Structure formats: structure tokens, C-alpha cells
Amino acid sequence: MPKAFIQFKNLGITTITDLQKHVSKLRFASQGEVDQRADGIPALEKVYGKFNWKSSKVYDNSLKYEVLKNNEADVAPAYTTEGQLVNKDQFTLLEDDKQVWPPYNLAPVVRDNVLDTNPEIAEVINKVSAALDTETVTALNAKVDVDKKEYEDVAKEFYDSIK
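Residues numbered from 1 in each chain as written. Predicted model: local features only at pLDDT ≥ 70, side-chain atom pairs only at ≥ 80, totals over all residues. Heavy atoms only, no water.

Caption draft 1: Quick look at the pattern of salt bridges. Under the counting rule described, the total for this entry stands at 9 salt bridges. One salt bridge in this structure joins R27 and D74, with 2.9 Å as the shortest N-O distance. Taken together, the residues R27 in strand β2 (residues 27–30) and D74 in the loop between α4 (64–69) and β4 (75–78) connect sequence positions 47 residues apart. For the pair R27 and D74, a shared accessibility class is recorded, and that class is buried. Overlapping salt bridges, with partners in common, bring together E33, R37 and D39 in one network. (Salt bridge = Lys/Arg side-chain N within 4 Å of Asp/Glu carboxyl O. Helix = DSSP H or I, 4+ residues; strand = E, 2+ residues; numbered from the N terminus. Buried < 20%, exposed > 50% of the residue type's maximum accessible area, 1.4 Å probe, protein only.)

And the structure:
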């Protein structure tokens, strides 16, 4: 589920409240499910009011940044850690200023029997977990999605940097 909206370039909109004020002039690049899911547009509309977009078309999620760059839409739902969001000169991540969406924090999950058998991994997992905040995860995703590095290399480089 997306935690935010992104917009192409700077339209002077920084929050979802700002977005709501201009929604009738904006084209929405939906991924379909966000329109229907209880924790998507319906949840936002309960708090922010109706989202009557100038137009709304459904696109594959993997195309949203191209759709925005190609001026086919102005706004799209996003996950806050998507690699493309490092391009702050092109995309603005809007603040959910009324906090409809809860924080989506990372948390390691390991079966007890794995920890019982390998107790030494708890320290490693906790160290990695402590180093992964939204900004770091976004930067790591950018190395894969934007810079086209192999995810295994990015993960190893990150792990080596925090050892």
C-alpha cells in the first residue's frame, strides 16, 4: 500500500491537504487497487474529502515514473522508499499531514528455532535493522533502480559499511 503521493516537478504542493485543494486540476496515475482498497483513496477521502481528479487513468505500477516524466499525469501513489524518489528535482513526495497512513516501519522477523540454532545472527540482524531508516532504504533502492547496480552488490556494500 502506498504511504504517500508523488508529483512530477514542483507544483507548489507539499502535503495531501495542498493536493486536495488542487485535485480538480490534476491528472492521477492510479495503479487501480489504490482506488478501491479501504486503506487507499477511500481512507484518504474520509479525512481529506473527495478526490475529484481532472482525470484518472490506471497504469502498471512499474510505469508510474515514466508516466509522470512523459507528462501523462501529475500525481501518483508511491511507497516512501522507492529509489526514484532520490530525484528530488523531478519528484516531490507529499506529506500525509493528517496521518491517514500509519508509519510502516521495518522490523526483522526470524523464527525462534533459527535463532536457537544460530544465536550469533541476532546481533547482525539488530545492527542491520538499526541502520535501515527510510532515507537509507530509499538510497539503497536508488542504487538498484536508478543506478542499475545488482541488488546483491548493493546489499553487500551496505552490510560492509556498517560492520
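This is not the end of the story, as more comes after the structure.
Caption draft 2: Up close: the packing of aromatic side chains. Applying the stated criterion across every chain yields a total of 3 aromatic pairs. Ring geometry for F28 against W53: centres 4.3 Å apart, planes inclined by 5°, an arrangement best described as stacked. One end of the pair, F28, is in strand β2; the other, W53, is in the loop between α3 (41–48) and β3 (55–58), and 25 residues separate them in sequence. The class for W53 is buried, based on a relative accessible area of 15%. Three or more aromatic residues link up through ring pairs in this structure, and these residues are F28, F51 and W53. (Phe/Tyr/Trp six-rings, centres within 6.5 Å; stacked < 30°, edge-to-face > 60°.)

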